[in-house]
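As a plain string of letters, each chain reads:
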Amino acid sequence: QVQLVESGGGLVQAGGSLRLSCAASGRTFSSYAMGWFRQAPGKEREFVAAISWSGGSTYYADSVKGRFTISRDNAKNTVYLQMNSLKPEDTAVYYCAAEGLGYLSSSSYEYDYWGQGTQVTVSS
């Protein structure tokens, strides 16, 4: 089993940057693909980015491509989401998730474990 704890959210002005972290417990972290999702008020949860177990492959939603970067440090059991050029429409609760088969996926149904989320608010 994997427990996930996100941090790094906050309030930032449009054009600014934030780096989210997701710390995982469990010795099998390095075998999981990891993803970031977000959910804005009144909207469905949407895919943001995913990274393979090794970090060698990444996958992004079109809406964040070129602005966000997902990475991981398996020695620290941590996955990151570097968010640059933030826009007001990026405002949401951001969740990290772990996918047990190691496959990159944009579907939330494929992910087995979820964190509690961290709020990101981008002001205009």
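Residues numbered from 1 in each chain as written. Predicted model: local features only at pLDDT ≥ 70, side-chain atom pairs only at ≥ 80, totals over all residues. Heavy atoms only, no water.

Participant: How would you summarise unusual backbone geometry if you had to cite specific residues and measurements?
Facilitator: Unusually for a residue other than glycine, Asn 77 sits at a positive phi of about 55°. Inspection of the secondary structure puts Asn 77 in the loop between strand 7 (68-73) and strand 8 (78-83). Although it is not a glycine, Ser 85 sits at a positive phi angle of roughly 50°. Examined against the element boundaries, Ser 85 turns out to sit in the loop between strand 8 and strand 9 (92-99). (Helix = DSSP H or I, 4+ residues; strand = E, 2+ residues; numbered from the N terminus.)

Participant: Please set out the state of the cysteines residue by residue, giving values where relevant.
Facilitator: Tallied over the entire structure, the rule returns one disulfide. Sulfur-sulfur distance for the disulfide between Cys 22 and Cys 96 comes to 1.9 Å. What sets the handedness of the Cys 22 and Cys 96 disulfide is the S-S torsion sign, and at about 45° it is right-handed. Residue Cys 22 is found in strand 3 (residues 18-24), and its partner Cys 96 is found in strand 9; the two are separated by 74 residues along the sequence. Judged by relative accessible area, Cys 22 falls into the buried class, the value being 0%. A relative accessible area of 0% places Cys 96 in the buried class. (Disulfide = S-S within 2.5 Å. Buried < 20%, exposed > 50% of the residue type's maximum accessible area, 1.4 Å probe, protein only.)

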